[in-house]
Amino acid sequence: MAEREQWGSQFGFVLATIGSAVGIGNIWRFPYVAGENGGGGFLLVYILCVLLIGLPLVIAELAVGRAARLDTISAFPALAPRSPLRRTGWVAVIAGTVILSFYAVVAGWTFRYFVSAVSGSLWEAGETGFAGYFSGFTGRTAEPLLWQAAAVLLAGLVVARGVQSGIERLNKWAMPVLAAIMIALAFYGLLRSDGTAGLEYLFRIDPETFTRPGVYIAALGQAFFSIGIGMAIFVTYGSYMQPETPILKSALFIVSGDTLFAVFAGIAIFPAVFAHGLDPASGPDLAFVALPRVFSEITGGAMLAVAFFFLLAAAGLTSMISILEVPVAVCMDRFGLSRTAAATIMCLLIFALGLVPGLGFSLLKDVRIAGEDLFGIFDHIASSVLLPLSGICVSLFVGWSLHRRDALVFSGLRERLGISWIWLLRIIVPLLVALVLLNGLVEL
C-alpha cells in the first residue's frame, strides 16, 4: 500500500477542517432555520448542542481517523474488529454520498446566481419577480443539471489533486477570503440604521422558545448538517493528521469557526430581511428569492449580491470537496484505485444519484412521497435519519467498543476531561441524537 498522504501543516489542516464545516449549511440553511424557530432562543439552544454533541463527536471522529490511519470503512474494524458497531463507516459513507448528491444541486444554484449577479442578468427578473426567476430556473430541465455538473466537476478536480496540492492549498486561500467577505457583510448589517429589528430578533431570547420541542430537534439537526458530523469527514481528515497535531484544539477551532460563520451569516442577513419587511421564516427561498429582492432595492446592492453569492458558492465548494474526499479515500484504500480514477468514478456516481433531486423541480416535479417532493425527501432522509444514525453509531463505538485507555490515548485528552468526554459519548450524545432520529423517522 502506498504511503498515506498527510497535511502539509497544522495550519493547513485547521483551515481545511473549518472549510469542511463551513458551507451552505451555515450561510443558506442556518438563517432560515433560526428564522423558523425563534431567533435568539434557537441560537442559544444551537450553541449548547454544538458544545454537548458537536464537539464530542468531532473529537471522536478525529481520534478514530488518526489512530487507524485508514479510510472510513476500514478504520472502525481496525480499532475494534469484534465490535458489533465495526460497520459504522458504511453508514457514514452512505449518509455523506446521499447528502452530496443533493448538496451539489444547491451548489449549482449558487454558481448560477453568482454568474447572474456578475453579468447583471439577475436584475432582469421582470414581472414575475425573483420568485418567478428562481422557479423559472429550477423548473428547466437541462440548465440546472449543467450547473450541478459544474459543481461536481470542480469539487472532483480539487480532490483529484490530492490532500496537500488540492484540498489544503484551496482552503489556505479560500477560507481567509470567505471570512473577510462574511465579516464585511456582517458589518454592513450592523451599520444599517434600519436593521436593528433584525439584530434584536437574532439575539433577543424569548423564554417561550424553550417550551417548544421542535426548537431542540431543529437545533440538533442543524448542528449535524452544519458541522458535518456523521459523514466521516473528520475520520478521513483525521487519518491524514500529523501525530503531533492536538485533537482538542483542532476540534475547538472547527466548531467555533463553524458557529461564528453561522452567527455572522445571521447578522448579515436578518437586518436586511426586517428592514424590507420580509419573513425571516421564509425557508430556503430566503437566499434565492428574498435576498435578491433586498439587493435590488439598496445602494450598492449589485456588488453586495456578487460578494454574497460568491461566498455561498465558494463555501458550498469547500464542503463538497470534504464530503467527496470520504468515498474517494475508500476507493483508493480498499480497491487500490488511483486518486484520479477514484475521484472520477465517485463524481459520476454522485452526479447520477443527484439527478433524482435535481429533476425534482422539473421533469419529476409531480412525484411526491408522503407529500414531499424528491429534493425534500433526499434532504430529510440524509439530514434527519442517516446523519443522526451515523452519529449514534460513532458515539457508541468510541464510548463502548474502545477500551477507555485506548480512547484517551487516541484522543490525546487528559484523564479527567477524557473520562467526561467518554461518558458524554456513552450516554448523553446517543440519547439526544436519538431524538433527532426518532423525529426524522416519524416525519417520513
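See the structure shown above.
The structure presented is a predicted model; accordingly, all values stated were derived computationally and were not measured. (Residues numbered from 1 in each chain as written. Predicted model: local features only at pLDDT ≥ 70, side-chain atom pairs only at ≥ 80, totals over all residues. Heavy atoms only, no water.)

1. Some details on the environment of G214
At step 1: Locating G214 in the fold gives a position in helix α10 (residues 213–227).
At step 2: By relative accessible area, G214 is classed as partly exposed at 42%.
At step 3: Taking C-alpha positions, G214 is 7.8 Å from N37, a pair spaced 177 residues apart along the chain. (Helix = DSSP H or I, 4+ residues; strand = E, 2+ residues; numbered from the N terminus. Buried < 20%, exposed > 50% of the residue type's maximum accessible area, 1.4 Å probe, protein only.)

2. Observations regarding helix α17 (residues 404–411)
Each α-helix turn comprises 3.6 residues. Residues three or four places apart therefore point the same way.
At step 1: Of the positions making up α17, those classed as buried are A407, L408 and S411. Looking straight down α17, one finds that the buried residues subtend no more than 95 degrees of arc, so they occupy a single side.
At step 2: Count one or two residues on from α17 and you reach G412, which has phi positive near 75 degrees. (Arc of directions from axis to C-beta.)

3. A short note on the pattern of salt bridges
It is possible for side chains bearing opposite charge to pair when their charged atoms get close.
At step 1: This structure, assessed with the given rule, holds nine salt bridges.
At step 2: Notably, a salt bridge pairs R4 with D333, separated by 2.8 Å at the nearest N-O pair. With R4 in the segment before α1 (10–21) and D333 in helix α14 (residues 301–335), this residue pair connects regions lying 329 residues apart in the sequence.
At step 3: Between E208 and R212 there is a salt bridge; the shortest N-O distance is 4.0 Å.
At step 4: Given the relative accessible area of 27%, R212 is considered partly exposed.
At step 5: The structure contains a network of salt bridges with shared partners spanning E5, E325 and R339. (Salt bridge = Lys/Arg side-chain N within 4 Å of Asp/Glu carboxyl O.)

4. Looking at the nonpolar core
At step 1: In terms of nonpolar packing, the biggest core is built from 162 residues, with F288 and F308 touching the most fellow members.
At step 2: Looking at this core, the element that brings in the most residues is α14, giving 20 residues.
At step 3: The residues contacting F308, other than those within four sequence positions of it, are I27, L185, I269, A287, L291 and F295. (Core = buried A, V, L, I, M, F, W, Y, C linked by side-chain atoms within 4.5 Å. Contact = heavy atoms within 4.5 Å.)

5. Digging into the packing of helix α3 (residues 40–68) against helix α4 (residues 72–79)
At step 1: As a packed pair, α3 and α4 sit with axes 9 Å apart at the nearest point and diverge in direction by 80 degrees. Considering their axes alone, α3 and α4 lie roughly perpendicular with respect to each other. From α3, V64, A67 and A68 reach across to α4, where they touch A75, F76 and L79.
At step 2: Tallied by class, the residues present in the contact of α3 with α4 amount to six nonpolar, no polar and no charged. (Axes fitted to C-alpha atoms, helices over the stretch in contact; angles between N-to-C directions. Parallel < 35°, antiparallel > 145°, perpendicular 65-115°, else oblique. Nonpolar A, V, L, I, M, F, W, Y, C, P; charged D, E, K, R; others polar.)

6. Details of the side chain of Q222
At step 1: Structurally, Q222 can be placed in helix α10.
At step 2: With a relative accessible area of 0%, Q222 lands in the buried category.
At step 3: Q222 has contacts with G25, R29, F30, V33, F42 and Y46, leaving out every residue within four places of it along the chain.

7. Some words on the state of the cysteines
At step 1: This model, assessed by the stated rule, comprises zero disulfides.
At step 2: No disulfide involves C49; its sulfur sits 19 Å from that of C393, the nearest cysteine. (Disulfide = S-S within 2.5 Å.)

8. A short note on a nonpolar patch on the surface
At step 1: On the surface, a nonpolar cluster with roughly 500 Å² of combined accessible area is contributed by W400, W423, I427, I428 and L431.
At step 2: With four residues, the single largest contributor to the nonpolar patch is helix α18 (residues 415–442).
At step 3: Topologically, I428 is positioned in helix α18.
At step 4: Judged by its relative accessible area of 35%, I428 is partly exposed. (Patch = residues over 30% accessible without salt bridge, like charges linked within 9 Å, V, L, I, M, F, W, Y side chains within 5 Å. Areas by Shrake-Rupley, 256 points an atom, 1.4 Å probe, with all protein chains shown as cover.)

9. A few points about the packing of aromatic side chains
At step 1: Within the structure shown, the criterion is met by 24 aromatic pairs.
At step 2: Measuring from ring centre to ring centre gives 4.9 Å for F76 and F397, while their planes differ by 80 degrees; the resulting arrangement is edge-to-face. Residue F76 is located in helix α4, and its partner F397 is located in helix α16 (residues 374–401); the two are separated by 321 residues in the primary sequence.
At step 3: Classification of F397 by relative accessible area gives buried; the value is 0%.
At step 4: Among the aromatic side chains, those forming a connected cluster through ring pairs are F102, W109, Y113, Y133, F134, F288, F295, F308, F309, F361 and F375.
At step 5: Here R112 stacks its cationic end above the ring of F137, 4.7 Å away from the centre of that ring.
At step 6: Directly above the ring of W423 sits R426, whose terminal nitrogen or CZ lies 4.7 Å from the centroid. (Phe/Tyr/Trp six-rings, centres within 6.5 Å; stacked < 30°, edge-to-face > 60°. Lys NZ or Arg CZ within 6 Å of the ring centre and 35° of its normal.)

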